[in-house]
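These are the residues of each chain, in order.
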Amino acid sequence: MPTERRSLIVLFGATGDLATRKLYPAMLKLYEKGNIREHFAVIGTSRHKIDDEKYREIVEKSLAKESSNKKMVSEFASHFYFVTHDVTNVSHYANLKAKSEELDKKYSLGGNRVFYISMAPNFFGIVAKNLKTQHLLSDNGGFNRLVIEKPFGRDFDSAKQLNDELSAAFEENQIFRIDHYLGKEMIQNIEAIRFGNTIFEALWNNRYIDNIQVTLAENLGVEERAGYYDNSGALRDMVQNHIMQIVSLLAMEQPVAFKDTDIRQEKVKALRSLRVYNVAEASTNFVRGQYGGVGNSKEYRQEDGVPKDSNTETFVAGKLLFDNYRWSGTPFYIRTGKKLADKFTRVDVVFKKPLVDIFSFPQSGSTPLNANVLTIFIEPNQGFSLMVNAKNSEQGFHTEPVNLQFLEDSKRTKETPQPYERLIHDVLKGDGTNFASWPEVASAWKFVDQIRRVWDIQQPMFPNYIPGSMGPVSADELLARDHREWVYKLNK
């Protein structure tokens, strides 16, 4: 039986897109499974002047496609209350405090409070400060937890300033920085595959692994996010958070125990050993791109809201190096971009070939052995495959690569909890395993900032790749210089 978690959830930005598309459906799933039930309440806040009834209509409408059980949805929505609130107006926090105390008693919540800020980052520090100074934090033995969405700063300096503001009101173990990629099934499976299987963990080092590749591809353009995206770009939007979190899970040492403090400690150690490039190294080891147009597909600079001379990158590929005993000499290649061939996320672990290929000898006619490759399919398919060499069935002795593959079926995929369901549940439990800690965020920004500094002083030749490709030619050349190639590449 699931454990019921008692808590008041105060949601800032309750009428926004994220709340209606992701948060309310995630909470409903937790309600259906009994993770939250009788002893929970939600206070939604925004500047809109609506009452509880109208707010519940908004919640129920957002859940229309999630459940056909209207009675259950109505019961769930009855736990939702609305307070019109301007986060910059200190006097407004009095009403919020009064409603919080009222609901704490009504639902026997024990003083447990989660403050979820689904707003622009410039409000994070303001809300955190006012929550403390206006005495919204409970002091009767319950927990106080703060949840914030990305982006967490634009560079290290702004991220540190923001963190200082949050730390003035909350302890680090009370701050939950959401990265929804860490809620994905196969991202969490990285630890199971590594530390639950001797055949992989024993080989998970530079003696046996030639390189590791991480690809986050999107087949759409910026769509309606052009205003935000042009001030961010692929480096800040994808590399600094999602990709660096995935890389840290792949690179870290085995934790002493499977708990959040130990896992975070090992991720931080890995990121601290990541080589921060100088100007020459950054120019050599990172490439950027911006999509052009083809047919009816607009180039990036023609998208609504994008300046005609924008140098914002929509594609990034790079080579990461760790200066530690486990990974010295083994590169991690990363790439992400918009308007690529397809939408998918995958990790390819390329093992070294045997030192001696006994099947390749003069006059044998045999093709050289392929490298063994462990592929972790993160989305849209969920599963993994291991490419091994085997004898084919032809006359003579010839080898061919074969795949040992497991992919979750549609039924199991449908039953798998979605990222926000997992992460909200973890917040209620107080489990910080799948959230970014400040030292992780700081290390990632220090690395990314150096790439950004170099790019800001160089004039790119944009656009430099066509929609439906896997990015600019320079992304392939990045690996070709090391006599390597991307595992996933388009069929020519």
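Look up a bit, the structure's there.
My aim in this report is to walk through the structure given alongside it, one point at a time. (Residues numbered from 1 in each chain as written. Predicted model: local features only at pLDDT ≥ 70, side-chain atom pairs only at ≥ 80, totals over all residues. Heavy atoms only, no water.)

1. Some details on the overall build of the protein
Per the secondary structure count, the protein includes 16 helices and 14 strands. Taken over the C-alpha trace, the protein has a radius of gyration of 25 Å; the compact-globule value for 492 residues is 23 Å, and the two agree within 12%. C-alpha extents for the protein along the principal axes are approximately 85 × 55 × 45 Å. Of all 492 residues assigned to the protein, the portion counted as buried reaches 54%. Restricting the contact set of the protein to residue pairs at least 6 apart, pairs at least 24 apart contribute 76%. Just so you have it, the protein exposes about 22,800 Å², and 50% of that area is on carbon and sulfur atoms. Here the protein contributes 64 positive and 63 negative side-chain charges, whose respective centroids are spaced 1 Å apart. (Helix = DSSP H or I, 4+ residues; strand = E, 2+ residues; numbered from the N terminus. Rg over C-alpha atoms; globule rule 2.2 N^0.38 Å. Buried < 20%, exposed > 50% of the residue type's maximum accessible area, 1.4 Å probe, protein only. Contact = heavy atoms within 4.5 Å. Areas by Shrake-Rupley, 256 points an atom, 1.4 Å probe, with all protein chains shown as cover. Lys, Arg positive; Asp, Glu negative; His and termini not counted. Charge placed at Lys NZ, Arg CZ, Asp CG, Glu CD.)

2. Some words on the pattern of salt bridges
One pass over the structure, following the stated rule, counts 32 salt bridges. Between Asp-17 and Arg-21 there is a salt bridge; the shortest N-O distance is 2.6 Å. Taken together, the positions of Asp-17 and Arg-21, both in helix α1 (residues 17-33) and four residues apart, correspond to about one turn of that helix. In this structure, Lys-267 engages Glu-440 in a salt bridge whose closest nitrogen and oxygen atoms are separated by 3.0 Å. Of this pair, Lys-267 sits in helix α11 (residues 260-272) while Glu-440 sits in helix α15 (residues 438-456), placing them 173 residues apart in sequence. Among the ionic contacts, a cluster of salt bridges with common partners joins Arg-194, Glu-201, Glu-253 and Arg-326. (Salt bridge = Lys/Arg side-chain N within 4 Å of Asp/Glu carboxyl O.)

3. Things to note about the packing of aromatic side chains
Within the structure shown, the criterion is met by 25 aromatic pairs. Each residue in the set Tyr-24, Tyr-31, Phe-40, Tyr-55, Phe-76, Phe-80 and Phe-82 is aromatic and connected to the rest through ring pairs, giving one cluster. Looking at Arg-177, its charged tip hangs above the ring of Phe-152, at a distance of 5.1 Å from the centre. (Phe/Tyr/Trp six-rings, centres within 6.5 Å; stacked < 30°, edge-to-face > 60°. Lys NZ or Arg CZ within 6 Å of the ring centre and 35° of its normal.)

4. Quick notes on unusual backbone geometry
The omega torsion of the bond from Lys-150 to Pro-151 falls at 5 degrees, within 30 degrees of zero and hence cis. Along the chain, the position of Pro-151 falls in the loop between β5 (144-148) and α6 (156-167). Glu-379 connects to Pro-380 through a cis peptide bond whose omega is 0 degrees. Among the structural elements, Pro-380 can be located in the loop between β12 (373-379) and β13 (383-391). A positive phi angle is found at Ser-108, which is not glycine, with a value near 50 degrees.

5. Concerning the pairing of strand β3 (residues 80-84)
Most of β3 sits inside the fold, with four of its five residues counted as buried. Strand direction decides the pairing type here: strand β2 (residues 40-46) and β3, joined by five bridges, are parallel. Across the sheet, the residue bridging to Ile-43 is Tyr-81, located in β3. (Pairing = 2+ DSSP bridges.)

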